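# A look at the structure
The lines below spell out each chain.
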Amino acid sequence: MLRTTLTWSSILTAVLLNAQAIRGDVKDAESLISLPGATVLVVGSDPVIGTVTDAEGRFSLAGLPPGRTALQVRMIGYEEQLLSGLVLTSAKDLVINVRLQSALTELGEVEVVGDAEPGGVRNEMALLSARQFSVEETDRYAGSRGDPGRMASNFAGVQGADDSRNDIVIRGNSPMGVLWRFEGVNIPNPNHFAIPGTGGGPVTILNNKYLANSDFFTGAFPAEFGNATAGVFDLRMRNGNADKHEFTAQLGFLGTELMAEGPLSKKHRSSYLVSYRYSTLRLFGFLGIRIGTDAIPQYQDAAFRLHFPSKKGSVSFWGIGGSSRIDITISDQEKPDTATLIYGENDRDQYFRSRMGTMGATATRTLNENTYVKATLALSGQGINSDHRYVYRRVVDGRFVVDSLPPLLRYRFEESKAMLYVFANRKLGLRTSLRVGVNSEQQWASYLDSARTITPSTVSGQPNTLSAWRVRWDARVSVTQLQPYAQLRHRFNEQWTATVGATSLYNSINDNSFSPIEPRFGISYAPDTRQRISAGYGLHSQMQPGYLLFYGATTNGRDPQEQNTGIGPTRAHHWVLGYDLRAGRSLRVKVEAYYQWLFNIPVSVRPSSFSLVNTGAGFTRFFPDSLRNRGNGYNQGVELTVEHAFTKGWYGLFTASLFDAKYRGSDGVWRNTSFNGRNAFNLVLAREFTTKKKSMVSIGAKLTYAGGRWYGPVDRDASAAAQEVVYVDSLVNTKQFRPYFRADLKLGYRHNRPKVMHEVGLDLVNVTGQRNILTLSYAPNHPSGDPIREEYQLGFLPLFFYKVEF
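In short, a report on the structure.

Cut-off values and rules
- Residues numbered from 1 in each chain as written.
- Predicted model: local features only at pLDDT ≥ 70, side-chain atom pairs only at ≥ 80, totals over all residues.
- Heavy atoms only, no water.
- Pairing = 2+ DSSP bridges.
- Helix = DSSP H or I, 4+ residues; strand = E, 2+ residues; numbered from the N terminus.
- Contact = heavy atoms within 4.5 Å.
- Polar contact = N/O pair within 3.5 Å; in protein donor to acceptor, adjacent residues only side chain to side chain.
- Salt bridge = Lys/Arg side-chain N within 4 Å of Asp/Glu carboxyl O.
- Buried < 20%, exposed > 50% of the residue type's maximum accessible area, 1.4 Å probe, protein only.
- 1 Å grid on protein atoms, 1.4 Å probe; cavity = no way out; pocket = protein on both sides within 12 Å on 5 of 7 lines; lining within 4 Å.
- Points joined across faces, edges and corners; volume = space filled by probe spheres on them.
- Nonpolar A, V, L, I, M, F, W, Y, C, P; charged D, E, K, R; others polar.
- Axes fitted to C-alpha atoms, helices over the stretch in contact; angles between N-to-C directions.
- Phe/Tyr/Trp six-rings, centres within 6.5 Å; stacked < 30°, edge-to-face > 60°.
- Lys NZ or Arg CZ within 6 Å of the ring centre and 35° of its normal.

Below, the discussion takes up the sheet that holds strand β8 (residues 130-133). The strands making up a sheet are joined through hydrogen bonds of the backbone, oriented either antiparallel or parallel. Sheet architecture is open: five strands sit in the order β8-β15-β16-β11-β12, paired in mixed fashion. Each edge of the sheet is formed by a strand with only one pairing partner; in this case those strands are β8 and β12 (185-186). Sheet topology places β8 next to strand β15 (residues 214-217); four bridges connect them, and they run antiparallel. When the sheet's bridge partners are listed, Gln 132 is paired in β15 with Asp 215.

Take the environment of Thr 453 next. Residue placement: Thr 453 occurs in the loop between β27 (432-451) and β28 (454-455). Spatially, the C-alpha atoms of Thr 453 and Ala 680 are 41 Å apart, while their sequence positions differ by 227 residues. Leave out the neighbours within four places in its chain, and Thr 453 touches Thr 465, Leu 466 and Ser 467.

A word on the side chain of Asn 676. You can see Asn 676 is positioned in the loop between β40 (670-672) and β41 (679-690). In terms of polar contacts, Asn 676 uses its side chain to reach the side chain of Asp 660, at 3.0 Å. Apart from the residues lying within four places of it in its own chain, the contact partners of Asn 676 are Phe 659, Asp 660, Ala 661, Lys 662, Gly 708, Trp 710 and Gln 736.

This model, assessed by the stated rule, comprises 54 salt bridges. With a shortest N-O distance of 3.3 Å, Glu 124 and Arg 435 are connected by a salt bridge. In this pair, Glu 124 is assigned in the loop between β7 (94-100) and β8 and Arg 435 in strand β27, connecting sequence segments 311 residues apart. On the basis of relative accessibility, which here comes to 10%, the residue Glu 124 falls in the buried class. Classification of Arg 435 as buried rests on a relative accessible area of 7%.

With that settled, consider empty space enclosed by the protein. Under the definition given, this model contains 10 cavities of 30 Å³ or more. Forming the walls of the largest cavity are 40 residues, and the residues nearest its centre are Glu 415, Lys 417, Gln 544, Pro 545 and Gly 546. Only β11 (178-182), β23 (371-390), β26 (407-428), β27, β30 (470-491) and α5 (546-549) provide two or more residues apiece to the lining of the largest cavity. Here the lining of the largest cavity is built from residues that sort into 20 nonpolar, 16 polar and four charged. Volume-wise, the second largest cavity comes out at about 470 Å³. Around the second largest cavity sit 35 residues that line it, and Gln 159, Gly 160, Ala 161, Asp 163 and Tyr 740 are the ones nearest its centre. Among the secondary structure elements, those contributing two or more residues to the lining of the second largest cavity are α3 (148-152), β9 (158-160), β10 (168-170), β41, β42 (696-706) and β45 (740-753). In terms of residue class, the lining of the second largest cavity is made up of 11 nonpolar, 15 polar and nine charged.

What follows covers the sheet that holds strand β5 (residues 67-74). Taken in spatial order, the four strands of this open sheet run β3-β2-β5-β6, and their pairing is antiparallel. Each end of this open sheet is capped by a strand with a single partner; those strands are β3 (50-52) and β6 (81-88). Within the sheet, the average angular offset between the axes of one strand and its neighbour, ignoring direction, is 20 degrees. Both β5 and β6 contribute to a ladder of six bridges, which runs antiparallel. Paired with Leu 71 across the strands is Leu 83, a residue of β6.

Before going further, it helps to spend a moment on the packing of aromatic side chains. Summed over all chains, the structure comprises 32 aromatic pairs. Ring geometry for Phe 216 against Phe 233: centres 4.6 Å apart, planes inclined by 35 degrees, an arrangement best described as tilted. Separated by 17 residues along the polypeptide, Phe 216 in strand β15 and Phe 233 in strand β16 (residues 231-235) bring together distant segments of the chain. Taken individually, Phe 216 and Phe 233 each receive the classification buried, so the pair is uniform in this respect. Measuring from centroid to centroid gives 6.2 Å for Phe 308 and Phe 317, while their planes differ by 70 degrees, and the two rings are edge-to-face. Taking relative accessible area as the criterion, Phe 317 reaches 38% and is therefore assigned partly exposed. An aromatic cluster is built from Tyr 411, Phe 413, Tyr 447, Trp 473, Tyr 547, Phe 550, Tyr 551 and Phe 623, whose rings are joined through pairwise contacts. The ring of Phe 646 is capped by Arg 68, whose NZ or CZ atom sits 3.5 Å from the centre of that ring.

Read these as geometric descriptors, not functional statements.
Pasting the structure below:
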């Protein structure tokens, strides 16, 4: 059993610090009925500290000292649950929601540990390839920056695609195959500076301070998740504190934040939570502080949640959103500068804007002791627009004179949707539960894009010329998407558990976007309380990014000739086999092997190496040729996770992945995918030291080693003509960049004062300054004389923050 020592001296310290409380509720996991009379104990307390839930299933443990603690929750007829690694400060209450699983024996308490296992999952329908992550975890890992995407790159089978972005590669799949869900509905890319067709960005819009414990899936996921082939983030938002008002302020390199929460009505237990963040770099600009470039990224994001509980359920109103912009201008340079631009190109001014928002209402109602229903109605929108202006200028007396700034490119992509997600969950006795639901969407989109090409001058001293406008996108569409599902979970006995389900995906965008039946299956066998063997299968599909279908590869006058409007979804079979071992009271070992067969991948109509499996990461859009759903691919591998829960002042995580990811384009040749690193290793360590005054010093480290990206020989003549890198098509992905290595270090100090907590932290990313290759680029005027150059990922990056809670 995990032990956390609580003595009279620590309790006295808690009183002097006006320590806060752990509050929450205990409910049945499958019917959501409240469980009065459940016992909640602080593990290792001496004397014993505990309480019993009241008639509404609520509990409160007041006067606990700051620091880490663990709770044990028991109830007759239910499996015992142990919640470890809980962090309590002197400024904020810790609010938790406990969900207990029914025991197969009617009487007595059954010691089957739930969340005590590192990485346990909230969704009871998931038997493998799934992991729960907490707010505390997103802060724990060095280099994660409080970002769920970067945090997930520490898990087995997951890699970061680009240090400057949080796109992730799951089991060799394109980052484009990841689904983001928030409060049960599918949301747009939740990142600042998002690019169409990608699932990541440089800075997340999400703030870990308002997230509840959430789930992350890497394969063969349950039937409720559709429209994804790689993985799923299933995110939940927590409620505000219903007992008292609390505030948080934080200043950091990535943002300046304010958050408030508290009761709307203590009598009715209603609460509010609001959060706002503004880019700190922009604040530096307002103060006249130079950061090395005038192209300062500007972004802001906000979130809110209003929660109104009742005796038989609750209603919540919530929203998240953000906007970002960056202006990269060279026309305001006064004189020639040989310094390399940090962003952009050196012949144009560039203006980029992005925005994203989702808001909705979620209602939960318990119908009887065995059934509850939940519904979410939401609206979301995403907009991305960019303008480029070509700079005609000359040098007079050593200074630039700008002659004109004609427009060069202009695009506006807008997507919005109305969503309704409804499901009913019914408990069919002690052994079986059934969930049936539907996720429906009405989608609207507008894609507008026009561009001009630059024709280099053939006469020395004469300026380049611009062509006439070419319209590449001009589409306005409205489509309906439906994803019904049903999932059944049955426990045959205390050793055997099985899940079986099916879903379907329909989209009205064309006749090919219908996947009539997608079966899902999982089975688990636990020979004893320490071991579990699991297997799972799923058929999955995912719609293509909408803008790809309406690109006009050729133009008839100003009318783009769309060639890909009939493209259907990519599909994939997932097979997974897993073994879990609790090797000690706080140590878990997990091994999973998987095979994925991908089919109906869009590839070029003409024979070539192109496949959509190699896209989905980076800062550029994709301009497709004529495509058809004829491509194939496979991912296979084995993963190892060794994890030590945060006990006795330290945490450890080691993950290893050996895999192979191949694809076949329309030329019929099997090749490595761009993301086929073949191996990836992570080591994460964290150590905490608590002082006599209950302050805390923390040290964290992370080491990552992974195989390099794949590329091919450069076609220099074609690259010169296109003014960008063009590879020899028949030899694409036959060469591999050198392996990727990065070491991160994180330092923190938390000082607990009466009713106030101060925390400072320093995250040192890539402390060795390793030059990891990202890609090749074309630079015709490079001093070396060779226009083909290597582009590197982030170098050494120190990130600081200061936080105060009160």
